[in-house]
Amino acid sequence: MKASLKACDVVIFGGGGDLAMRKLLPALYHLEMDGLLAPTTRIIGASRREMSAEDYQDKVRVALDEFVPASVGDDKVWSQFKARLSYVSVDAQKESDFARLNDEQIGGDDRDVVFYLATSPSLFGSICSSLASHGLNKDRMRVVLEKPLGRDLDSSRAINDEVMENFTEQQVFRIDHYLGKETVQNLLAIRFGNTLFEPLWDSAHIDNVQITVSETVGVEGRWGYYDDAGAMRDMVQNHIVQLLCLVAMEPPGRMDADSVRDEKIKVLKALRPIEGANAYTKTVRGQYARGVIKGKEVPGYFDEEGSNPASRTETFVALRADIDNWRWAGVPFYLRTGKRLGQRYSEIVIQYKTVPHSIFSDESNRQLQRNQLVIRLQPEEKISLTVMNKVPGASEGMNLQPVDLNLSLTEAFHNKRSPEAYERLLLDVMRNDATLFMRYDEVEAAWKWVDGIMSAWNQTSERPKEYAAGSWGPAASMALPIKDGRNWHDY
Ligand code: BG6
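Quick notes on the rules
- Residues numbered from 1 in each chain as written.
- Predicted model: local features only at pLDDT ≥ 70, side-chain atom pairs only at ≥ 80, totals over all residues.
- Heavy atoms only, no water.
- Pairing = 2+ DSSP bridges.
- Helix = DSSP H or I, 4+ residues; strand = E, 2+ residues; numbered from the N terminus.
- Axes fitted to C-alpha atoms, helices over the stretch in contact; angles between N-to-C directions.
- Contact = heavy atoms within 4.5 Å.
- Near = heavy atom within 4 Å.
- Polar contact = N/O pair within 3.5 Å; in protein donor to acceptor, adjacent residues only side chain to side chain.
- Areas by Shrake-Rupley, 256 points an atom, 1.4 Å probe, with all protein chains shown as cover.
- Nonpolar A, V, L, I, M, F, W, Y, C, P; charged D, E, K, R; others polar.
- Buried < 20%, exposed > 50% of the residue type's maximum accessible area, 1.4 Å probe, protein only.
- Core = buried A, V, L, I, M, F, W, Y, C linked by side-chain atoms within 4.5 Å.
- Phe/Tyr/Trp six-rings, centres within 6.5 Å; stacked < 30°, edge-to-face > 60°.
- Lys NZ or Arg CZ within 6 Å of the ring centre and 35° of its normal.
- Parallel < 35°, antiparallel > 145°, perpendicular 65-115°, else oblique.
- Right-handed = clockwise from strand over helix to strand, strands pointing away.

### Considering the sheet that holds strand β7 (residues 206-214)
Right, on to step 1. Pairing is mixed in the open sheet, where 9 strands are placed in the order β16-β15-β14-β13-β7-β12-β11-β8-β17. A single partner strand is all that each edge strand has here, and the edge strands are β16 (400-408) and β17 (465-468). With direction set aside, neighbouring strand axes in the sheet form an average angle of 20°.
Right, on to step 2. Pairing between β7 and strand β12 (residues 333-338): 6 bridges, direction parallel. Bridge assignment links Ile211 to a residue of β12, and that residue is Leu335.
Right, on to step 3. In this fold helix α14 (residues 440-458) packs onto β8 (283-289), β11 (316-321) and β12, with an angle of close to 115° to the strand it touches most, β11.

As structure tokens, then:
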């Protein structure tokens, strides 16, 4: 879809920071290459540091060379992009500095404005109030909030309340970059663009659902930051819970922001609390120890720079979630994520029930396996459906074997580049479409559920279980579905 875009000023607070350089500016550059930025759209970096526009352009160029493969860029695109780039020095805590945004004529009558807050959430409130006091919160102006949106329900509410003193819910875009991933959107296409799956999408046909986000990286030099969060806050509360919502929600009436979010919130409210002793039977926490990943020795959590051996922060979590509604009664949702695991991959697996009655001989019965729909988000984007087949050959009798029907998105759309999540999301903010962003009530409901689990963890002296880097997490996490007579889907 080529959107004809209205001119927009995109102001990035934290414009010189890591997120801006690694993700946001490369994404905007890709939009430039694809002709998706209006001719007079401007991109303005904002941060405390004094810097000229030329210095900022040079800094961005260096980042693009590193993060946008050279083969796709060319001089013409760069000179167009460079002409859009400017810089304003603003101390987010100094209200008077915001007058400089007015000096730059930000938000002229012909344009919308996107203020992207790629800063610490502790600054969100003061940035929003300074913007408002300079008249920069008009209806056509929006703010984008990066995670972490708090570290529990109370702190998340406090951030939200401060922001909403000056911006309305319609103007606030809470980003979860997982929702911008192509395959995640494809999940919606699969569910609601086909008649094939939806009639079988319930507890009568589905045995269990598994969501795995497995990472090989460790804390990437940010031990202190990570240790304050842990896998539950960093990955489960947002990315994984959002994936769960898209799998479990009822079909929305329309693909628009409130219709989709109204359905997601119903799932969040139906999540069964995991509290007290349940936290021990239904969740497993882990911390990585030294190990080997792809033949390379890697340090343990406590060997990382800045670490504190007293930490009980989890770098791995696996849990069984249950959704108490008619559609999902009795269907476990097994969720897991961790750092320094054996492979980097993310997938959603739908395991169907076994056939209700088998007509085959004992031997063939033993081979009967559940149908499985596997939606692989990364590293490669593909969808496969496992179905039972007869092994060819007269002498094989009715020997059955599972065979994958594969849909490789890379092959099916070989002339299409798969965009990075931030490209799609930035484009959506510019065109004022909040469908793939989180509403405040979703964020709060997710925190409420996560807070229950974390407070149960905090009431014990038990430490997270150690696992070797390069493994699949603590042994107890493998046992989690086994206790219910099931297995994790193998990578
Ligand atoms: C971020 C987390 O939100 O998502 C990181 O803070 C994590 O810890 C990252 O590594 C994973 O994102 P992706 O897109 O690489 O799977």
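Having seen the structure, we can now continue with the description.
### As for the site of the ligand
Right, on to step 1. Close to the ligand lie Lys147, His177, Tyr178, Lys181, Glu215, Arg222, Asp234, Met235, His239, Lys339, Arg344 and Gln378, which account for all nearby residues.
Right, on to step 2. Between Tyr178 and the ligand, the recorded distance is 2.4 Å, taken from a side-chain N or O atom to an oxygen atom.
Right, on to step 3. Residue Arg222 places a side-chain N or O atom 2.7 Å away from an oxygen atom belonging to the ligand.
Right, on to step 4. For the ligand, the accessible surface in isolation is 400 Å², of which the surrounding protein chains cover 81%.
Right, on to step 5. No other element matches helix α8 (residues 223-248), which puts 3 residues into the shell around the ligand.
Right, on to step 6. Residue composition of the shell around the ligand, grouped by class: 2 nonpolar, 3 polar and 7 charged.

### Observations concerning helix α13 (residues 421-430)
Right, on to step 1. Judged by how many residues are buried, α13 sits mostly within the fold: 9 of 10 residues are covered.
Right, on to step 2. When α13 is considered as a whole, its buried residues turn out to be Ala421, Tyr422, Glu423, Leu425, Leu426, Leu427, Asp428, Val429 and Met430.
Right, on to step 3. Asn432 sits one or two residues past α13 and shows a positive phi near 60°.

### Brief notes about the nonpolar core
Right, on to step 1. If you look at the biggest cluster of nonpolar residues, it comprises 144 residues, and the most contacted ones within it are Phe13, Leu25, Leu101, Phe115, Phe333 and Trp449.
Right, on to step 2. For this core, the element with the highest residue contribution is α8, accounting for 14 residues.
Right, on to step 3. With sequence-adjacent residues up to four places away left out, Phe333 is seen in contact with Val209, Leu244, Val247, Ala248, Leu319, Arg320, Ala321, Ile323 and Trp328.

### Examining the packing of aromatic side chains
Right, on to step 1. Taken as a whole, this structure holds 17 aromatic pairs when the rule is applied.
Right, on to step 2. Ring geometry for Tyr29 and Phe81: centres 5.1 Å apart, planes at 85°, overall edge-to-face. Of this pair, Tyr29 sits in helix α1 (residues 18-33) while Phe81 sits in helix α3 (residues 75-84), and the two are 52 residues apart along the sequence.
Right, on to step 3. Under the relative-accessibility criterion, Tyr29 is labelled buried at 3%.
Right, on to step 4. Residue class for Phe81 comes out buried when judged on its relative accessible area of 0%.
Right, on to step 5. When the centroid spacing of 6.4 Å and the interplanar angle of 75° are considered together, the rings of Tyr226 and Tyr301 count as edge-to-face. Of this pair, Tyr226 sits in helix α8 while Tyr301 sits in the loop between β10 (296-298) and β11, and the two are 75 residues apart along the sequence.
Right, on to step 6. Lying over the aromatic face of Trp488, Arg336 brings its terminal NZ or CZ to 4.0 Å of the ring centre.

### Thoughts on the sheet that holds strand β1 (residues 8-13)
Right, on to step 1. Strand order in the open sheet formed by 6 strands is β3-β2-β1-β4-β5-β6, with parallel pairing between adjacent strands. Two strands lie at the open edges of the sheet, namely β3 (85-89) and β6 (172-174), each paired on one side alone. Within the sheet, the average angular offset between the axes of one strand and its neighbour, ignoring direction, is 20°.
Right, on to step 2. In the packing of α1 onto the sheet, the strands contacted are β1, β2 (42-47), β3 and β4 (112-117), and the crossing angle to β1 comes to about 170°.
Right, on to step 3. α13 rests against β1, β4, β5 (141-145) and β6 of the sheet, and its axis sits at about 135° to β4.

### Details of helix α7 (residues 182-192)
Right, on to step 1. Most of α7 is tucked away: 8 of the 11 residues are buried.
Right, on to step 2. For α7, the set of buried residues is Thr183, Val184, Gln185, Asn186, Leu187, Leu188, Ile190 and Arg191.
Right, on to step 3. Buried residues belonging to α7 abut α8, β13 (345-352), β14 (372-378), β15 (382-390), α12 (409-412) and α13.

### Let's talk about the packing of α1 against helix α2 (residues 53-67)
Right, on to step 1. Their axes nearest at 9 Å, the elements α1 and α2 cross at an angle of 90°. For the element pair α1 / α2, the angle class is roughly perpendicular. Contacts from Met21, Arg22, Leu25, Pro26 and Tyr29 in α1 reach Tyr56, Lys59, Val60, Ala63, Leu64 and Phe67 in α2.
Right, on to step 2. The class makeup of the residues in the contact of α1 with α2 is 9 nonpolar, no polar and 2 charged.

### Things to note about unusual backbone geometry
Right, on to step 1. The omega torsion across Lys147 and Pro148 is 5°, close enough to zero to call that bond cis.
Right, on to step 2. Summarising the element assignment, Pro148 is placed in the loop between β5 and α6 (153-164).
Right, on to step 3. Of note, Gln105 is a non-glycine position whose phi angle comes to about 60°, a positive value.
Right, on to step 4. Looking at where Gln105 falls in the secondary structure, it is placed in the loop between α4 (99-103) and β4.
Right, on to step 5. Since its relative accessible area comes to 59%, Gln105 is described here as exposed.
Right, on to step 6. Phi at Asn432 is positive, roughly 60°, even though this residue is not glycine.

### Focus: the pairing of β5
Right, on to step 1. With respect to burial, β5 is a largely interior element, 5 of its 5 residues being buried.
Right, on to step 2. Burial along β5 is two-sided: Met141, Val143 and Leu145 and Arg142 and Val144, pointing in opposite directions, are all buried.
Right, on to step 3. Note that β4 and β5 share 5 bridges and pair parallel. Counted as the bridge partner of Tyr116 is Val144 from β5.
Right, on to step 4. Crossover connection from β4 via helix α5 (residues 124-133) to parallel β5: handedness right-handed.
Right, on to step 5. Both β5 and β6 contribute to a ladder of 3 bridges, which runs parallel.

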